Amino acid sequence: MESSRREIEVMANLLGSNDVQAEVNRAHFRKNNCLAINVIGSPGAGKTTLLEKTLPHFTLDLRVGVIEGDIFTSKDADRIAVHKIPVIQINTGGGCHLDSKMVSKVLPEFDWSSMDLMIIENVGNLVCPADFDLGEAFKVIVLSIVEGDDKPSKYPVIFRNAKAVVLNKMDFELLTDVNMETMRHDIRTINPGIEIFEVSCRNGNGLQAWTSWLRHEVEAYKEDKG
Ligand SMILES: Nc1nc2c(ncn2[C@@H]2O[C@H](COP(=O)(O)OP(=O)(O)OP(=O)(O)O)[C@@H](O)[C@H]2O)c(=O)[nH]1
Ligand SMILES: [Mg+2]
């Protein structure tokens, strides 16, 4: 009993100090007029692939940077670097999520003079990153439909906290027993206002709606200078 109370106190302190730094990061993004988004999803959901497919829609006329979060390796950062944009890898060394201090440490490594969009790919995990504000404008979930239509109701916290969800790997729809109506219904029950995109990064279906929405979000953020 005593030890679980101590654990709660430690967690509360941790989240408290994370939130303080997150506000500093958020002020930094605001000052530089750069939309920052926090991309969250299970290992292999397709976060990096979605970034790879998204970047070509932005880099012709906008400046985009990427922060890659992983436990070990720089494999995702290497994939993003092919697109010739600034990318920094953060290795958590075992931690299951990024936190605002890790992000703040790498911010000075970017040139902020004309950055429009900063995409932060979190460590592959649908649970832990939900509790850690990085200072982003909003969270985006990437969920592979192959994982099953019960995932939103089993992991509701992240769905409650996100602005958009990309339901990826739609090319597998007919090869699985996933019920997309259940999936959509459960997501909307948890978060009625969330944007839902049904996408296949493999064949490109649905990507246009996602990239148009994200572009609109970048423009809206830049117009809202308050
Ligand atoms: N069939 C199919 N495969 C996909 C799709 N999107 C991604 N993949 C594949 O799924 C695998 C995992 O994709 P990643 O983009 O590395 O996934 P991730 O979420 O970044 O993974 P972590 O960073 O390790 O958490 C790769 O083999 C991709 O090619 C899709 O829409 N359809
Ligand atoms: Mg990845």
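In what follows, the structure referred to is the one given above.
Numbering of residues begins from 1 in every chain and follows the order in which that chain's sequence is written. The lettering of chains begins at A and the numbering of ligands begins at 1, in the order of writing. The predicted origin of the model limits local features to residues at a pLDDT of at least 70 and limits the giving and counting of side-chain atom pairs to 80 or more, whereas totals for whole chains, interfaces and linings rest on all residues. Processing note: side-chain calculations cover all non-hydrogen atoms of the structure and skip hydrogens and water entirely.

Draft legend 1. Layout of the coordination of the magnesium ion (ligand 2). For Na, K and Ca the donor cut-off is 3.2 Å; for every other metal, N, O and S atoms count as donors within 2.8 Å. Water does not enter the count, which can leave sites looking incomplete. Surrounding the magnesium ion (ligand 2) are the protein donor atoms Thr 48 (OG1), Asp 76 (OD) and Glu 121 (OE), which sit 2.0 to 2.2 Å from the metal. When the donor residues of the magnesium ion (ligand 2) are listed from N- to C-terminus, their spacing reads T-x27-D-x44-E. Taken together, the residues span a long stretch of sequence, with Thr 48 in helix α2 (residues 47-54) and Asp 76 in helix α3 (residues 75-81) at a distance of 28 residues. Buried, partly exposed and exposed residues are distinguished by accessible area as a fraction of the type maximum, computed with a 1.4 Å probe on protein chains only: under 20%, between the cut-offs, and over 50%, respectively. Of the residues examined, Thr 48 reaches a relative accessible area of 5% and is grouped as buried. Residue classification places Asp 76 among the buried positions, given a relative accessible area of 11%. Put simply, DSSP H or I for four residues or longer makes a helix, DSSP E for two residues or longer makes a strand, and each gets a number counted from the N terminus.

Draft legend 2. Just the environment of Asn 25, in detail. Looking at the secondary structure, you find Asn 25 in helix α1 (residues 2-31). Given a relative accessible area of 2%, Asn 25 falls into the buried group. In sequence terms Asn 25 and Ala 36 are 11 residues apart; their C-alpha atoms lie 9.7 Å from each other. Any two residues whose heavy atoms approach within 4.5 Å are treated as being in contact. Apart from the residues lying within four places of it in its own chain, the contact partners of Asn 25 are Ser 100, Val 103, Ser 104, Leu 107, Leu 134 and Gly 135.

Draft legend 3. Inspection of a nonpolar patch on the surface at higher detail. A grouping of Val 146, Phe 172 and Leu 175 is seen on the molecular surface, where their side chains present a nonpolar patch of about 290 Å² in accessible area. Inspection of the secondary structure assignment puts Leu 175 in the loop between β6 (164-168) and α7 (180-190). Exposure above 30% relative accessible area and no salt bridge define the residues that can form patches, which grow by joining like charges within 9 Å and nonpolar side chains of Val, Leu, Ile, Met, Phe, Trp and Tyr within 5 Å. The protein chains shown are the only cover counted for residues, whose accessible areas, like all others here, come from Shrake-Rupley with a 1.4 Å probe. Salt bridge, as used here, is a side-chain nitrogen of Lys or Arg placed within 4 Å of a carboxyl oxygen of Asp or Glu.

Draft legend 4. Structural view of the site of ligand 1. Looking at ligand 1, there are 19 residues lining it, with Lys 47, Thr 48, Thr 49, Asp 171 and Cys 201 nearest. The term polar contact refers here to a pair of N or O atoms within 3.5 Å; inside protein, the definition further demands a hydrogen-donor-capable atom paired with an acceptor-capable atom, and it admits residues adjacent in sequence only when both atoms are side-chain atoms. Measuring from an oxygen atom of ligand 1, one finds a backbone N or O atom of Gly 46 at 2.9 Å. Contact with the protein chains hides 76% of the accessible area of ligand 1, taken as 660 Å² for the molecule alone. Here the residues of the shell around ligand 1 are counted per class, giving 4 nonpolar, 8 polar and 7 charged. Any residue with a heavy atom lying within 4 Å of a molecule or strand is counted as near it. Charged means Asp, Glu, Lys or Arg here, nonpolar means Ala, Val, Leu, Ile, Met, Phe, Trp, Tyr, Cys or Pro, and polar covers whatever is left, Gly included.

Draft legend 5. Layout of the packing of aromatic side chains. The pairing test for Phe, Tyr and Trp rings, Trp by its six-membered ring, is centres within 6.5 Å, and the orientation test on the planes gives stacked under 30 degrees, edge-to-face over 60, and tilted for anything in between. This model, assessed by the stated rule, comprises 6 aromatic pairs. An angle of 55° between the planes, with centres 5.5 Å apart, marks the rings of Phe 197 and Trp 213 as tilted. Remark: Trp 213 occurs in helix α8 (residues 207-223) and Phe 197 occurs in strand β7 (residues 195-198); sequence separation between them is 16 residues. With relative accessibility at 7%, the residue Phe 197 sits in the buried group. When its relative accessible area of 11% is taken as the criterion, Trp 213 is described as buried. Only when the NZ of Lys or the CZ of Arg is both within 6 Å of the ring centre and within 35 degrees of the ring normal is a charge said to sit over the ring. The ring of Tyr 221 has Arg 30 sitting right over it, with the charged end atom 3.9 Å from the ring centre. Its end group placed over the ring of Phe 58, Arg 215 keeps NZ or CZ at 5.2 Å from the ring centre.

Draft legend 6. Geometry of α2. For α2, the full list of buried residues reads Lys 47, Thr 48, Leu 50, Leu 51 and Thr 54. Across the axial projection of α2, the buried residues extend over an arc of 160°, all falling on one side. By construction, the arc corresponds to the directions joining the helix axis to the C-beta atoms.

Draft legend 7. Geometry of the sheet that holds strand β1 (residues 35-40). Two strands make a pair as long as DSSP finds a minimum of two bridges between them. Across the sheet, 7 strands lie side by side as β3-β2-β4-β1-β5-β6-β7; this open sheet has parallel pairing. One side of each edge strand has no neighbouring strand; the edge strands of this open sheet are β3 (87-91) and β7. On average, adjacent strands in this sheet sit at an angle of 20° to one another, irrespective of strand direction. By the bridge criterion, 5 bridges tie strand β5 (residues 138-144) to β6 in an arrangement that is parallel. Among the inter-strand pairings, Val 140 is bridged to a residue of β6, identified as Ala 164. Across the face of the sheet, α8 comes into contact with β1, β4 (117-121), β5, β6 and β7 while running at roughly 140° to β1. To define axes, lines are fitted to C-alpha atoms, for helices over the stretch in contact only, and angles between the resulting N-to-C directions are given on a 0 to 180 degree scale.

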